[in-house]
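Examination of the molecular architecture
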Amino acid sequence: MSLAGNVALVTGASRGIGAAVAKALAAQGAAVAVNYFGSEAAAEGVVQKIRASGGRAVAVRADARDQAQVEIMAATVKAQFGPIGILVLNASIGFPMAGILEYPWEAFQAKLLGELGAAFHGCRAVAPQMIERQGGSIVAITSGLARNPGWGFCAHSAAKAGLEGFVRALAFELGPMGIRVNAVAPGLTLTDATAHIPEKHKQAAAVHAPLRRNGRAEDVAEAVVGLLQAGFVTGATLPVNGGGYVF
Ligand SMILES: NC(=O)c1ccc[n+]([C@@H]2O[C@H](COP(=O)([O-])OP(=O)(O)OC[C@H]3O[C@@H](n4cnc5c(N)ncnc54)[C@H](OP(=O)(O)O)[C@@H]3O)[C@@H](O)[C@H]2O)c1
């Protein structure tokens, strides 16, 4: 699939993995909508970098968990660039880390509803545009923690595992309409979300990975671009973890 001339919407693209994905897609020639929630200046910074490199981009604010806001965002992007052909579900839905005996039920519910709601609303808002342009590709950023457990991550693991199931269900449903749906499952990746993790844990993760380092946002972006270009791959989950399958 050609990314050049395509229109992409990346949720949570003001920072971290989403920002790297937005820049990578723009470098491939896609017009990119940089979705943000709270970090307007950072999102505008991503847009400026893309434009300075000759690409096309616009920043669009929306809470990915809110159906009405996501629908308005999808319509805004279509009005500016034309129908969306690429959707990257990346927005990071926060959660507290705690063991199951202490986990607050409200926080568990909020994580599941937020993660799956953001995927549901994004796909519902964008799939009709993909059908209109007779094809499209969706990539969801899941996590290695969907399959490999870590202490304190029960809500995150459950939400990301649910997201993987959603990806396979949509691949099955939307494939006949020319829409592919895949997942990228990063391991520990150096972003704001992992800045709090002690250095010794990061080093341990690097030592246990065959490629002997932690992941970078650009590593995940490369994998997203690869999946978007792989025209006969759908329903797949691609781990991006340097070969390290535990955390
Ligand atoms: N970093 C890792 O080790 C790792 C590993 C596996 C999977 N992942 C997954 O990768 C994705 C990106 O994570 P990251 O590490 O890049 O996170 P990050 O650096 O903390 O960035 C989070 C991004 O999500 C956006 N966001 C948060 N809530 C949002 C909402 N309600 N609506 C729209 N955007 C929202 C933020 O936007 P604002 O700043 O504008 O609010 C920001 O752009 C997440 O899905 C995460 O679960 C990360």
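Structure first, text after, so check above.
Summarised in this report is the structure supplied together with it. Every value quoted in this text rests on a predicted model; they were computed, and no experiment measured them.

Here we take up the site of the ligand. By nearness alone, 28 residues border the ligand, and Gly12, Gly16, Phe37, Ser39 and Thr191 come closest of all. Only helix 1 (16–27) and strand 2 (31–36) provide two or more residues apiece to the shell around the ligand. Counting residues per element, the shell around the ligand draws most heavily on helix 1, which supplies three residues. Along the lines of polarity and charge, the residues of the shell around the ligand split into ten nonpolar, 14 polar and four charged.

Moving on, we get to the packing of helix 1 against helix 7 (residues 217–229). Here helix 1 crosses helix 7 at 50°, and the two axes come no closer than 8 Å. It follows that helix 1 is oblique to helix 7 by the angle criterion. Helix 7 is crossed by helix 1, and the crossing has right-handed handedness. In this structure, helix 1 uses Gly16, Ile17, Ala19, Ala20, Val21, Ala24 and Leu25 to contact helix 7, whose residues at the interface are Ala217, Glu218, Val220, Ala221, Glu222, Val224 and Val225. A class-by-class count of the residues in the contact of helix 1 with helix 7 yields eleven nonpolar, one polar and two charged.

Once that is clear, we can look at the packing of helix 1 against helix 2 (residues 40–52). With their axes 10 Å apart at the nearest point, helix 1 and helix 2 run at an angle of 20° to one another. Between helix 1 and helix 2, the angle falls in the class roughly parallel. Crossing of helix 1 over helix 2 shows right-handed handedness. The segment helix 1 lies against helix 2, with Ala19, Ala22, Lys23 and Ala26 engaging Val46, Lys49 and Ile50. When its residues are assigned to classes, the contact of helix 1 with helix 2 shows five nonpolar, no polar and two charged.

Core analysis: the largest hydrophobic core is formed by 74 residues, its most contacted members being Val10, Val21, Ala22, Leu25, Val32 and Val34. When residues in this core are grouped by element, the largest group, eight residues, is from helix 1. Look past the residues within four positions of Leu25 in its chain and what remains in contact with it is Leu3, Ala8, Val10, Ala30, Val32, Ile86 and Val225.

Our next topic: the environment of Met130. Its location among the elements puts Met130 in helix 4 (residues 105–132). Remark: the alpha-carbon pair of Met130 and Ser39, spanning 91 residues in sequence, is separated by 28 Å. Dropping the residues within four chain positions of it, Met130 is found in contact with Ile84, Gly85, Gly135, Gly136 and Ile179.

A few words on helix 1. If you check helix 1, its first and last C-alpha atoms are 17 Å apart, about what twelve residues at 1.5 Å a residue would give, namely 16 Å. Within helix 1, eleven of the twelve residues are buried, leaving the element largely enclosed by the surrounding structure. Of all the positions in helix 1, only Gly16, Ile17, Gly18, Ala19, Ala20, Val21, Ala22, Lys23, Ala24, Leu25 and Ala26 are classed as buried. Where helix 1 ends, the next residue or the one after it, Gly29, has phi of about 100°, a positive value.

Picture the strands of a sheet paired through backbone hydrogen bonds; they go either parallel or antiparallel. An order of 3-2-1-4-5-6-9 is seen for the seven strands of this open sheet, with the pairing classed as parallel. The open sheet has two free edges, formed respectively by strand 3 (56–61) and strand 9 (237–240), since each of these has just one partner strand. Going across the sheet, the axis of each strand differs from the next one's by a mean of 20°, ignoring polarity. Where strand 1 (residues 7–10) and strand 4 (residues 86–89) come together, three bridges link them in parallel fashion. Residue pairing across strands places Ala8 opposite Ile86, the latter belonging to strand 4. Across the sheet, helix 4 lies against strand 1, strand 4, strand 5 (136–141) and strand 6 (179–186), angled at about 180° from strand 4, the strand it touches most. Running over the sheet, helix 5 (residues 154–174) touches strand 5, strand 6 and strand 9 and is turned about 160° from strand 6.

Criteria and cut-off values
- Counting from 1, residues in each chain are numbered in the order their sequence is written.
- Given that this is a predicted model, residues contribute local features only at a pLDDT of at least 70 and side-chain atom pairs are listed and counted only at 80 or more, while totals for whole chains, interfaces and linings are drawn from all residues.
- A molecule or strand has a residue near it when that residue's C-beta atom, placed from backbone coordinates, lies within 6 Å of it.
- Counting from the N terminus, the helices are DSSP H or I runs at least four residues long and the strands are E runs at least two residues long.
- We call Asp, Glu, Lys and Arg charged. Ala, Val, Leu, Ile, Met, Phe, Trp, Tyr, Cys and Pro are nonpolar, and the rest, Gly among them, are polar.
- Each axis is a line fitted through C-alpha atoms, and for a helix only the stretch in contact is used; angles between axes span 0 to 180 degrees, taken between their N-to-C directions.
- Relative orientations are named as follows: roughly parallel for angles under 35 degrees, roughly antiparallel for angles over 145 degrees, roughly perpendicular for angles from 65 to 115 degrees, and oblique for any other angle.
- Each crossing is labelled by how the near helix is turned from the far one, with a counterclockwise turn of less than a right angle marking it left-handed and a clockwise turn marking it right-handed.
- We call two residues in contact whenever the C-beta atoms placed from their backbones are within 7 Å.
- By convention the nonpolar core is taken to be a set of buried residues drawn from Ala, Val, Leu, Ile, Met, Phe, Trp, Tyr and Cys and joined through C-beta atoms within 7 Å.
- Three exposure classes are used. Buried residues have 20 or more other C-beta atoms within 10 Å of their own C-beta, exposed residues have 12 or fewer, and partly exposed residues fall in between, all C-beta atoms being placed from the backbone.
- What a helix should span is 1.5 Å times the count of its residues minus one.
- The rule for pairing is simple: two strands pair if DSSP sees at least two bridges between them.

Fair warning: the whole summary comes from geometry, so function is off the table for now.
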